[in-house]
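Tertiary structure, described
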Amino acid sequence: MEKMKSRRHSLLYLPGDNTKFITKSVTTKCDAIIMDLEDAVSTDHKSLARETTAAAVSRFHEMGVDKELMVRINSFSTTLAYQDLLAIVPYGLDAVIVPKADKESICVADNLLAALENEHKLPRISIIGLIETAAGLVQAEDTIKASTRLDGLQFGAEDYTRDLEIMRTNQGNEVSFAKQYMAVMCHAYGIDAIDTPYTDIHDEEGLKYEIETAKQMDVINTAFLPSASDISYAERLIQAFDKAVAMGRGSITFEGKMIDLPIYQRAKRLVSRVENYK
């Protein structure tokens with residue numbers, strides 16, 4: 001039986017070769033555990049990272065861990081990506097993150113995952129494409145269309161700014177266009193838009209402004225919730241609009257503002273999001 005699609009508010013990146021960090025991750029409030037086989041692992045530890053990650057995935061399934069289990073593989077520009085998938089997928093992942101994602105790499109990942117799923121009788125595994133270059137950004141639509149199993153894009157700000165040869169700043173103005181473009185593209189295709197990892201683990205105020213270590217989970221998860229005043233306003237609006245509809249009206253004046261169907265539907269989505277979070 002396949003798992004229901006998980007909420008992806010807080011994703012915790014961990015080095016794939018660090019047993020201690022991976023083991024501790026199940027005690028955090030993150031929605032997803034990402035075991036990283038790429039940038040967080042040195043070249044001479046790639047094999048160890050595969051073994052460590054495969055063992056962790058197997059153990060987490062035995063424990064019944066209620067978090068989405070993901071692996072960021074190495075780039076398909078090397079043979080490492082193939083080794084990563086062959087070593088870990090048989091143990092049962094929920095999603096694979098493909099770095100430097102483009103149409104070709106997503107197609108290759110799709111075909112390999114399909115073959116491994118068939119061979120090992122596994123449920124369908126999702127793909128998340130990592131957008132890390134200018135070319136990757138402008139080709140994002142082709143990347144999304146490359147596979148029906150791709151259900152999210154993640155932005156990689158550090159590699160993106162390196163590709164553009166610009167400085168990364170705390171304000172983030174240099175990546176605002178890329179984030180906005182990705183958000184619109186993902187919304188248009190009904191997939192998840194996932195922000196770049198936030199690397200300053202002690203700057204919670206900066207994280208609130210930017211909105212992935214264990215210390216940040218509460219801040220991230222809370223940031224996705226509307227304020228108490230927004231929730232109260234939406235609930236009052238829904239009640240008033242429902243009453244008006246029952247009387248045959250299609251719009252109302254509510255607390256000094258004209259309210260029609262789109263605004264009512266937005267309020268319903270807000271309340272639904274809060275209820276689903278609980």
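Preceding this paragraph is the structure being described.
Just so it is clear, the model here is predicted, and its values are computed rather than measured. (Residues numbered from 1 in each chain as written. Predicted model: local features only at pLDDT ≥ 70, side-chain atom pairs only at ≥ 80, totals over all residues. Heavy atoms only, no water.)

**Observations regarding the packing of helix α2 (residues 46-63) against helix α3 (residues 80-88)**
Relative orientation and spacing of two packed helices are given, respectively, by the angle between their axes and the distance between those axes. Selection criterion: Orientation is described by axes fitted as lines to C-alpha atoms, over the contacting stretch for helices, and by angles from 0 to 180 degrees between their N-to-C directions. Each helix is a run of DSSP H or I of at least 4 residues and each strand a run of E of at least 2, with the numbering of both proceeding from the N terminus. When describing relative orientation, an angle under 35 degrees is termed roughly parallel and one over 145 degrees roughly antiparallel, while 65 to 115 degrees is termed roughly perpendicular and anything else oblique. Each crossing gets its hand from how the near helix is turned against the far one by less than a right angle, where anticlockwise is left-handed and clockwise is right-handed. It only takes one pair of heavy atoms within 4.5 Å for two residues to be counted as in contact. Nonpolar residues are Ala, Val, Leu, Ile, Met, Phe, Trp, Tyr, Cys and Pro. Charged residues are Asp, Glu, Lys and Arg, and all others, Gly as well, are polar.
Their axes nearest at 9 Å, the elements α2 and α3 cross at an angle of 30°. With respect to each other, α2 and α3 are oriented roughly parallel. Where α2 crosses over α3, the handedness of that crossing is right-handed. Together, K46, R50, T53, A54 and V57 of α2 and L80, Q83, D84, A87 and I88 of α3 make up the contact between the two elements. Looking at the contact of α2 with α3 residue by residue, the class counts come to five nonpolar, two polar and three charged.

**Focus: the sheet that holds strand β7 (residues 192-194)**
Our working definition: Two strands pair if DSSP finds at least two bridges between them.
Across the sheet, which stays open at both edges, the seven strands sit in the order β1-β2-β3-β4-β5-β6-β7 with parallel pairing between neighbours. The open sheet terminates on both sides in strands that have one partner only, identified here as β1 (11-15) and β7. Across the sheet, the mean angle from the axis of one strand to that of its neighbour is 25°, orientation sign disregarded. Sheet topology note: the strand β5 (residues 126-131)/strand β6 (residues 150-155) ladder contains five bridges and is parallel. Counted as the bridge partner of G129 is L153 from β6. Contacts from helix α8 (residues 176-189) reach β5, β6 and β7 within the one sheet, and its direction differs from that of β6 by about 170°.

**Observations concerning the pattern of salt bridges**
In plain terms, the rule: Definition used for salt bridges: Asp or Glu carboxyl oxygen within 4 Å of a side-chain nitrogen of Lys or Arg. Type-normalised accessible area, obtained with a 1.4 Å probe on protein chains alone, sets the label of each residue: buried when under 20%, exposed when over 50%, and partly exposed for intermediate values.
The full count for this structure, using the stated rule, is 17 salt bridges. Between D110 and R149 there is a salt bridge whose closest N-O contact spans 2.8 Å. With D110 in helix α4 (residues 103-120) and R149 in the loop between α6 (140-145) and β6, this pair connects stretches of sequence that are 39 residues apart. The pair D110 / R149 is uniform in exposure class, with both members buried.

**Re the environment of P197**
Residue placement: P197 occurs in the loop between β7 and α9 (204-210). Residue P197 is classed as partly exposed on the basis of its relative accessible area of 26%. In the structure, P197 is positioned 43 residues away from Q154 in sequence and 9.1 Å away in space, judged by C-alpha atoms.

**Focus on the packing of aromatic side chains**
To keep it simple, the criterion reads: Between the rings of Phe, Tyr and Trp (Trp by its six-membered ring), a pair exists once the centres lie within 6.5 Å; its type follows the angle of the planes, with under 30 degrees stacked, over 60 edge-to-face, and the other angles tilted.
Considering all chains together, one arrives at five aromatic pairs under this definition. Plain terms: the ring middles of F155 and Y160 are 5.2 Å apart, the flat faces sit at 65° to each other, and that makes the pair edge-to-face.

**Looking at the environment of L153**
Tracing the backbone through its elements, the reader meets L153 in strand β6. Given the relative accessible area of 0%, L153 is considered buried. Sequence separation between L153 and I191 is 38 residues; the distance between their C-alpha atoms is 7.6 Å. For L153, the residues in contact, after removing those within four places along its chain, are I128, G129, I131, A140, T143, I144, M182, C186, I191, D192, A193 and I194.

**Side note on the pairing of β6**
For β6, the buried fraction is high: six of the six residues fall into the buried class. Relative to β7, β6 is paired through three bridges, and the arrangement is parallel. Bridging across to β7, Q154 finds its partner in I194.

**Considering α3**
Heads up, the rule is: An arc is given here, and it is the one of the directions from the helix axis to the C-beta atoms.
Where α3 is concerned, the buried positions are A81, D84, L85 and I88. End-on, the buried residues of α3 take up no more than an arc of 90°, which puts them together on one face. Buried residues in α3 make contact with α2, β3 (68-72), β4 (95-98) and α4.

**Quick look at unusual backbone geometry**
Not every positive phi belongs to a glycine, and K121 is a case in point at roughly 55°. By the element assignment, K121 lies in the loop between α4 and β5. What makes K121 exposed here is its relative accessible area of 70%. Phi at E165 takes a positive value of approximately 60°, unusual for a residue other than glycine.

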